[in-house]
Amino acid sequence: MNRPYMVPGTCREGFQTVPGIRSSVPKIYTRGTTMKNRLKPDLFLNTVYELDTGVLKREGIEAIIVDIDNTLVSWDTKLPDEKVTGLVCRLASEDFKICILSNNTKKRVEEFNKDLKLPAIHKAVKPSKMAFKRAMKLMDSKVKNTAVIGDQLFTDVLGGNRLGLFTILVSPISSKEFIWTRLVRLLERLILKKIK
Ligand SMILES: [Mg+2]
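It should be emphasised that the depicted structure is a prediction, and the values quoted were computed from it without experimental measurement.

**Considering the sheet that holds strand 7 (residues 146-150)**
Taken together, 6 strands build an open sheet; the order of strands is 3-8-7-4-5-6 and the sheet is parallel. Among the strands making up the open sheet, the edge pair consists of strand 3 (43-45) and strand 6 (120-121). Two elements, strand 5 (residues 97-101) and strand 6, share 2 bridges in a ladder whose sense is parallel. When the bridges of strand 6 are listed, Leu 101 appears paired with Ile 121.

**Considerations on the nonpolar core**
Grouped together as the largest cluster of nonpolar side chains are 38 residues, with contacts concentrated most on Ile 64, Ile 65, Ile 100, Leu 101, Ala 135, Ala 147 and Ile 149. With 5 residues, the single largest contributor to this core is helix 5 (residues 129-139). If sequence neighbours within four positions are ignored, Leu 101 has contacts with Ile 65, Val 66, Asp 67, Ile 121, Ala 124, Lys 126, Ala 131, Phe 132 and Ala 135.

**Remarks on unusual backbone geometry**
Among all residues save glycine, negative phi is the norm, and among peptide bonds the norm is trans. With an omega dihedral of 15°, the bond running from Lys 126 to Pro 127 counts as a cis peptide bond. With respect to the helices, strands and loops of the structure, Pro 127 is situated in the loop between strand 6 and helix 5. One non-glycine residue, Lys 117, adopts positive backbone phi at about 55°. Its place among the elements puts Lys 117 in the loop between helix 4 (106-113) and strand 6.

**Focus: the pairing of strand 8 (residues 166-170)**
Burial of strand 8 is extensive: 5 of the 5 residues sit out of reach of the surface. Along strand 8, one buried face is formed by Phe 166, Ile 168 and Val 170 and the opposite face, lined by Thr 167 and Leu 169, is buried too. Pairing between strand 3 and strand 8: 3 bridges, direction parallel. Across the sheet, Phe 44 pairs through a bridge with Leu 169, a residue of strand 8. Where strand 7 and strand 8 come together, 4 bridges link them in parallel fashion. Within strand 8, the residue paired with Val 148 across the bridge is Thr 167. The β-α-β motif built from strand 7, the intervening helix 6 (residues 153-163) and the parallel element strand 8 has right-handed crossover chirality.

**Looking at the environment of Leu 116**
In this fold, Leu 116 is placed in the loop between helix 4 and strand 6. Separated by 31 residues in sequence, Leu 116 and Thr 85 have C-alpha atoms that sit 7.3 Å apart. Aside from chain neighbours lying at most four places away, what touches Leu 116 is Pro 80 and Val 88.

**As for helix 7 (residues 179-195)**
With 17 residues, helix 7 extends 25 Å between its outermost C-alpha atoms, agreeing within 8% with the 24 Å of an ideal straight helix rising 1.5 Å per residue. With 0 of its 17 residues buried, helix 7 lies for the most part at the surface.

The rules behind the values
- Residues numbered from 1 in each chain as written.
- Predicted model: local features only at pLDDT ≥ 70, side-chain atom pairs only at ≥ 80, totals over all residues.
- Pairing = 2+ DSSP bridges.
- Helix = DSSP H or I, 4+ residues; strand = E, 2+ residues; numbered from the N terminus.
- Core = buried A, V, L, I, M, F, W, Y, C linked by C-beta atoms within 7 Å.
- Buried ≥ 20, exposed ≤ 12 C-beta atoms within 10 Å, placed from the backbone.
- Contact = placed C-beta atoms within 7 Å.
- Right-handed = clockwise from strand over helix to strand, strands pointing away.
- Expected span 1.5 Å × (residues − 1).

Set out below in structure tokens:
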């Protein structure tokens, strides 16, 4: 039997009811179901450049969503260096699809991606699910065969885990960051101590 749940709405009482889920429906446990798991990456790497594609293949991964700032390059590096182009070529030669997903501006992402010419999304508002879904659409990939690589727990990992993607956390390339990010890093370190 459907149970009504109260949600904000426009009816007289200020609420409307919508059908809820049946309590008898079994919970399906996937990657990152609990809050703790949602902040736990499937894989930790010191740098994206030590990525072992064998691990990805064993996980059935065919498509990779990748962050730019402090994942591929430091946030003040405007263009991809040889390491970035080398990685992109290596992944492409092994038939991985790649999509850039960044919370940074259109200008930053377009300039960085000018020669790489990868599918790219700027102002992604990670950890919002929407941009991750868009990235998967651009690569024609599914949850089960898509990985996310990024340097931040609360954007890259949380966003990926919310959808059940395979999440990879890398150590930030540079410690030179904005004040807000530096504060977030303190919280990240506390959480990582508990989940690592
Ligand atoms: Mg980043």
